[in-house]
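Inside the fold
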Amino acid sequence: MVAIGLLVLLSPWTALAHHGGVSLALGPGSPIETNSPLTLPQGGVILSSRVEHVEFRKFSFTEPENKDSFTFLNLGLSYGLTPFLTGSIFFPYNIKKQDSLGSNEGFGDLKFSFNLGLNYSPEKGFDLNRAQDTAVTLEGTKKMYFSFFGGFTLPTGKSHKKLGGEIDRGMQPGFRSPSVSLGMAATRQIAGPFTLTMDTSYEIFTKKDHFKFGNEWRVDLAGNYELYGKPEKFISKIDGILELNLLNIVRDEEGGEKLRASGGTILYLSPGVRFAFPSLWNANLGLMVKFPVAKDLNEKSEQQGSEGKEKYRAIATLSFFF
């Protein structure tokens, strides 16, 4: 049995230009950005952290006020309520920089999430996760694991901070209004040390002061391959990870009108690696870089500082299992 570490990841669980994301991704054998369906043992606790840094491409039409970079920091606490239900709370801190105007930073919106885990085996069919279905390795098992996950945010972050004398909604640490997320995930061993994980989710943003951020639909597919495994060593496991992350964003709305130069569809290619350190409080370190490799943005030539207009997104996660 391998003790697993629940990592902060987003997004929807989203990982967006407006805000950093979290995901229900577990430790050894699971992806980084794609949600894992696995659940924690009852009474198990995870302390997790995630840093996501976004560098944006700059264009002459937005000079001298190009959005420069966003940095999202998240602290998370997860608890195994039962073998089939894991609850989490995430505390974000966001830093958003704009070339000639400076930066806005502060605490973001508090997020709560729940993950309901179940499994399927040819012998028994579908069943809720039991103790033997937590802290597992997928190698050799005939089971396929599923989950339904959902959550909500509270508008605890600052949302009226000015840059250059004006309030830019996309440059705020918080959203001013709650959001709700629903999704599902699945994972299975394919052959030997190779596993596939996929998820899909939808996030709904609510209206505040006649403004509404566009809802988001996400589909993720991740392949995970064990590159190294020595249970007795300080670094007991190294996983290579390759993900495809598809994000569709509806246009923002203001005063009941859909806004130009907002929303679109982006496909990210995301290579990463994961390290397990069981002797160090069951620590787990994940590193990933996301590149937008295909996109269909609304009024593409008018967008800057938005999803799909990044140079890259760099993600680092660290978690400890107790």
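Residues numbered from 1 in each chain as written. Predicted model: local features only at pLDDT ≥ 70, side-chain atom pairs only at ≥ 80, totals over all residues. Heavy atoms only, no water.

Quick look at the overall build of the protein
Using the following cut-off: Numbering goes from the N terminus for both helices and strands, where a helix is a DSSP run of H or I of at least four residues and a strand is a run of E of at least two. Relative accessible area decides the class of each residue, using a 1.4 Å probe on protein chains only: under 20% of the type maximum gives buried, over 50% gives exposed, and in between gives partly exposed. The contact definition used throughout considers only heavy atoms, calling two residues in contact when any of these lie within 4.5 Å. Areas reported here follow the Shrake-Rupley algorithm with a probe of radius 1.4 Å; residue values treat only the protein chains shown as occluding.
Along its length, the protein carries zero helices and 19 strands. Counting every position in the protein, which comprises 322 residues, the buried fraction comes to 53%. Within the protein, counting contacts between residues at least 6 apart in sequence, those at least 24 apart form 65% of the total. Total accessible area computed for the protein in this model is approximately 13,700 Å², and 63% of it derives from carbon and sulfur atoms.

Thoughts on the confidence of the model for the protein
Filter applied, for reference: Here pLDDT means the predictor's own confidence in every residue, given as a number from 0 to 100.
Of all residues in the protein, 90% attain a pLDDT of 70 or more, and the chain-wide mean is 89. This stretch, residues 1–17, has a pLDDT under 50; its non-local contacts, to residues over four places away or in other chains, come to 114 contacts.

Remarks on the packing of aromatic side chains
Our working definition: Classification of ring pairs rests on two measures: the distance between centres of Phe, Tyr or Trp rings, Trp counted by its six-membered ring, which must be within 6.5 Å, and the angle between planes, read as stacked under 30 degrees, edge-to-face over 60 and tilted in between. Any Lys NZ or Arg CZ that is within 6 Å of a ring centre and within 35 degrees of that ring's normal is treated as a charge sitting over the ring.
Enumeration over the complete set of coordinates arrives at 13 aromatic pairs. Centre to centre, the rings of phenylalanine 59 and phenylalanine 61 are 5.8 Å apart; their planes meet at 25 degrees, and the pair counts as stacked. Take phenylalanine 61: its relative accessible area is 42%, and that puts it in the partly exposed class. Positioned above the aromatic ring of phenylalanine 70, the side-chain terminus of lysine 96 is 5.0 Å from the ring centre. A cation sits over an aromatic face here: lysine 290 above tyrosine 268, 4.4 Å from the ring centre.

Comments concerning the nonpolar core
Let me state the cut-off plainly: Among buried residues, those of type Ala, Val, Leu, Ile, Met, Phe, Trp, Tyr and Cys that are joined through side-chain atoms within 4.5 Å constitute a nonpolar core.
In this structure, Val54, Phe56, Phe70, Phe72, Leu163 and Met171 together form the largest nonpolar core, which totals six residues. Of all the elements in the fold, those that place two or more residues in this core are strand 3 (45–56) and strand 4 (67–82).

Quick notes on the sheet that holds strand 15 (residues 253–254)
The test is simple: A pair of strands is labelled paired if DSSP reports no fewer than 2 bridges between them.
What the three strands build is an open sheet, ordered 12-15-16; its pairing is antiparallel. The two strands at the open ends of the sheet, each matched to only one other strand, are strand 12 (211–212) and strand 16 (257–258). Bridge analysis of strand 15 against strand 16 gives two bridges, and the strand direction is antiparallel. Following the sheet pairing, glutamate 253 is matched in strand 16 by lysine 258.

A few points about the pattern of salt bridges
Rules: Here, a salt bridge means any side-chain nitrogen of Lys or Arg that lies within 4 Å of a carboxyl oxygen of Asp or Glu.
Enumeration according to the criterion identifies 20 salt bridges in this entry. Residues lysine 58 and aspartate 99 are paired through a salt bridge, measuring 3.0 Å at the closest nitrogen-oxygen approach. Highlighted residues: lysine 58 in the loop between strand 3 and strand 4 and aspartate 99 in the loop between strand 5 (85–98) and strand 6 (102–107), separated in sequence by 41 residues. What makes lysine 58 partly exposed here is its relative accessible area of 42%. Notably, a salt bridge pairs lysine 143 with aspartate 133, separated by 2.7 Å at the nearest N-O pair. Pair noted here: lysine 143 is in the loop between strand 8 (125–128) and strand 9 (144–154) and aspartate 133 is in the loop between strand 8 and strand 9, with a separation of ten residues, a long-range link.

Focus: the pairing of strand 17 (residues 264–277)
Two faces, one strand: in a regular strand the side chains alternate between the faces of the sheet. Where strand 14 (residues 237–249) and strand 17 come together, 13 bridges link them in antiparallel fashion. Residue pairing for strand 17: lysine 237 is matched across the bridge by alanine 276. Taking the residues that link successive antiparallel strands as the turn, the strand 17-strand 18 (residues 283–297) hairpin has five residues, and the phi of tryptophan 281 there is positive, at about 50 degrees.

Looking at the environment of tyrosine 312
By the element assignment, tyrosine 312 lies in strand 19 (residues 310–321). Here the alpha-carbon distance between tyrosine 312 and serine 270, two residues 42 residues apart in the chain, equals 9.7 Å. Not counting residues within four places of it along the chain, the set of residues in contact with tyrosine 312 comprises His53, Val54, Glu55, Val289, Lys290 and Phe291.

Notes on a nonpolar patch on the surface
To be explicit about the condition: The patch calculation keeps residues exceeding 30% relative accessible area without a salt bridge and links them within 9 Å when they carry like charges or within 5 Å when they are nonpolar (Val, Leu, Ile, Met, Phe, Trp, Tyr).
A contiguous nonpolar surface patch, about 960 Å² in accessible area, is contributed by Tyr79, Leu81, Phe114, Phe152, Leu154, Val180, Leu182, Tyr202, Ile204, Trp217 and Val250. Breaking the nonpolar patch down by element, the ones donating at least two residues are strand 4, strand 9, strand 10 (179–191) and strand 11 (194–205). With respect to the helices and strands, the residue phenylalanine 114 is situated in strand 7 (residues 110–121). Looking at phenylalanine 114, the relative accessible area reads 39%, which means it is partly exposed.

Some details on unusual backbone geometry
Of the consecutive residues glutamate 63 and proline 64, the connecting peptide bond is found in the cis state with omega at 0 degrees. A positive phi is found at histidine 210, a non-glycine position, where the angle reads about 65 degrees. For histidine 210, a relative accessible area of 61% translates into the label exposed. One non-glycine residue, glutamate 299, lies in the positive phi region at around 50 degrees.

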